[in-house]
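Summary of structural features
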Amino acid sequence: METKKKGWDIEDFLTTKEEAEVIEAIRMAENQTSGEIRVHLEPKAKKEPFERAKEVFNLLGMEKTHQRNGVLVYLAIKDQILVILGDQGINNKVAPDFWEHTKDIIISHFKEGRIKQGLVDGILMAGQQLKEHFPLEKNDNNELPDEISTH
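Residues numbered from 1 in each chain as written. Predicted model: local features only at pLDDT ≥ 70, side-chain atom pairs only at ≥ 80, totals over all residues. Heavy atoms only, no water.

Let us look at helix α2 (residues 16-30). End to end, α2 covers 21 Å across 15 residues, agreeing with the expected 21 Å (1.5 Å per residue, within 8%). Every buried residue belonging to α2 is among Glu18, Val22, Ile23, Ala25, Ile26, Ala29 and Glu30, and all of these are buried. Seen end-on, α2 carries its buried residues on one side only, within an arc spanning 150 degrees. Facing away from the buried side of α2 by more than 90 degrees, the exposed set consists of Thr16 and Lys17. (Helix = DSSP H or I, 4+ residues; strand = E, 2+ residues; numbered from the N terminus. Expected span 1.5 Å × (residues − 1). Buried < 20%, exposed > 50% of the residue type's maximum accessible area, 1.4 Å probe, protein only. Arc of directions from axis to C-beta.)

As structure tokens, this is what we get:
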């Protein structure tokens, strides 16, 4: 993530409208699957990025989904770090390089200054895999909030 949009401060990362569009992408993706997707933004990673993403994953209760099919898009903005973390249920189903490929798509948008579009495309890509492997069930409950968490 080398190029900047307005700035890499958390307050400047997404406008209110862009944040709403990212949340709408989460809802659209989740309307087709029993899986759950969360986006978490924080200024700096408080430890090694993958370890911090796992910590946030657990803090958000994502490991508690019924089918272990949660996906976290974690960003440490000032550090320019992106980690995509899938729970064991979805990780057992997707190709080994799927998250890396999804991350590359997001970063390619980020490099062009299209932060919101990168997040939306990554969310929808994750949603397609979740839909394929965990289609929406008849009595599905939304197990996690559809929001962007911070700090």
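As enumerated under the stated definition, the model contains ten salt bridges in all. Of the charged contacts in the structure, one is a salt bridge between aspartate 146 and arginine 27, with a shortest N-O distance of 4.0 Å. Of this pair, aspartate 146 sits in the loop between α6 (115-133) and β4 (148-150) while arginine 27 sits in helix α2, and the two are 119 residues apart along the sequence. Between glutamate 147 and arginine 38 there is a salt bridge, with its nearest N and O atoms 3.5 Å apart. Of this pair, glutamate 147 sits in the loop between α6 and β4 while arginine 38 sits in strand β1 (residues 36-42), and the two are 109 residues apart along the sequence. Here glutamate 147 falls in the partly exposed class, since its relative accessible area comes to 38%. Through salt bridges with shared partners, a single ionic network connects Glu42, Lys47, Arg52 and Glu55. (Salt bridge = Lys/Arg side-chain N within 4 Å of Asp/Glu carboxyl O.)

Before going further, it helps to spend a moment on the pairing of strand β3 (residues 81-86). Extensive coverage of β3 is indicated by the burial of six of its six residues. Of the two faces of β3, both are covered, the one formed by Ile81, Val83 and Leu85 as well as the one formed by Leu82, Ile84 and Gly86. Alignment of strand β2 (residues 70-76) against β3, held across six bridges, turns out to be antiparallel. Opposite leucine 72, over in β3, you have leucine 85 as the bridge partner. (Pairing = 2+ DSSP bridges.)

Between its first and last C-alpha, α6 extends 28 Å over 19 residues, near the 27 Å set by a 1.5 Å rise per residue. Buried within α6 are the following residues: Ile115, Lys116, Gly118, Leu119, Val120, Gly122, Ile123, Ala126, Gly127, Gln129 and Leu130.

The next point concerns the sheet that holds β4. An order of β3-β2-β1-β4 is seen for the four strands of this open sheet, with the pairing classed as mixed. Of all the strands in the sheet, the pair left with one neighbour each is β3 and β4. Recorded for the sheet is a direction-independent mean angle of 20 degrees between the axes of neighbouring strands. Sheet analysis places β1 next to β4, joined by three bridges and oriented parallel. Residue pairing in the sheet places valine 39 in a bridge with isoleucine 148 of β4. Each of β1 and β4 is contacted by α2, which is oriented at about 155 degrees to β1, the strand it contacts most. (Axes fitted to C-alpha atoms, helices over the stretch in contact; angles between N-to-C directions. Contact = heavy atoms within 4.5 Å.)

Here α2 crosses α6 at 10 degrees, and the two axes come no closer than 9 Å. Put simply, α2 runs roughly parallel to α6. Contact with α2, carried on its side by Glu18, Glu21, Val22, Ala25, Ile26, Met28 and Ala29, involves Lys116, Leu119, Val120, Ile123, Leu124 and Gly127 of α6 and no other residues of that element. Residue classes in the contact of α2 with α6 are distributed as nine nonpolar, one polar and three charged. (Parallel < 35°, antiparallel > 145°, perpendicular 65-115°, else oblique. Nonpolar A, V, L, I, M, F, W, Y, C, P; charged D, E, K, R; others polar.)

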